[in-house]
Amino acid sequence: MSDLTPPTRGGGVPAQPITLRVGEHGTSATGSLYERIGGAPTFDRLVRRFYEGVQRDAVIWPMYPADDLEGAIWRLSAFLQQYWGGPGTYSEERGHPRLRMRHNPFRITSEARERWLHHMHEAVESLSLAPLDQAELWAYLDRAAHAMTNTFD
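Each value, and the rule that gives it
Residues numbered from 1 in each chain as written. Predicted model: local features only at pLDDT ≥ 70, side-chain atom pairs only at ≥ 80, totals over all residues. Heavy atoms only, no water. Helix = DSSP H or I, 4+ residues; strand = E, 2+ residues; numbered from the N terminus. Buried < 20%, exposed > 50% of the residue type's maximum accessible area, 1.4 Å probe, protein only. Areas by Shrake-Rupley, 256 points an atom, 1.4 Å probe, with all protein chains shown as cover. Expected span 1.5 Å × (residues − 1). Core = buried A, V, L, I, M, F, W, Y, C linked by side-chain atoms within 4.5 Å. Contact = heavy atoms within 4.5 Å.

Thoughts on the overall build of the protein
Argument step 1. Looking only at helices and strands, the protein features seven helices and zero strands.
Argument step 2. Buried residues in the protein amount to 35% of all 153 residues.
Argument step 3. Split by element, the accessible area of the protein, about 9,500 Å² in all, is 55% carbon and sulfur.

So, unusual backbone geometry
Argument step 1. Even without being glycine, Ser-128 reaches a positive phi, approximately 50°.
Argument step 2. Here Ser-128 lies in the loop between helix H6 (110-126) and helix H7 (131-148).

A closer look at H6
Argument step 1. Between the first and last C-alpha of H6 there are 24 Å, a value that for 17 residues agrees with the 24 Å anticipated at 1.5 Å per step.
Argument step 2. Among the residues of H6, Ala-112, Arg-113, Trp-116, Leu-117, His-119, Met-120, Ala-123 and Val-124 are the ones counted as buried.

Comments concerning the nonpolar core
Argument step 1. Counting 35 residues, the largest nonpolar core has Leu-46, Phe-50, Tyr-51, Leu-80, Trp-116 and Met-120 as the members making the most contacts within it.
Argument step 2. Where this core is concerned, the elements lending two or more residues are helix H1 (33-36), helix H2 (40-54), helix H3 (69-83), H6 and H7.
Argument step 3. The leading source of residues in this core is H3, at seven residues.
Argument step 4. Residues contacting Leu-80, with those up to four places away along its chain left out, are Phe-43, Leu-46, Val-47, Tyr-140 and Leu-141.

Okay, structure coming up:
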């Protein structure tokens, strides 16, 4: 068997990960994370809790629009809702997310990233999600934060 040959189950059928789907190209039978954790109200609570911490943070608060805090809250909540299977309102109103481009004007150092992650972690913890849902959400947020780092001093 070559390194490119997939492992097989009995009868020589290649083993495939199983994802239960509603339809041929439908969402997972277990529903989207958006649905599982409570939809828009949960994401709104997450983002508001996150910004409570950010507003007290001297490192990252200057990067946020103090004069448009409600707008920033809406943008982050709408983006996360859309990403996790909720309504496409973010893209309808703002176009493609283009996260790297939108964050490029800000000096995002490893310290700023870690401060962002600290406040987001507290916000995620405050939701008391099921462990697998929390792990799925946190894994994305951690990857996204690392991807936005653009200054390596």
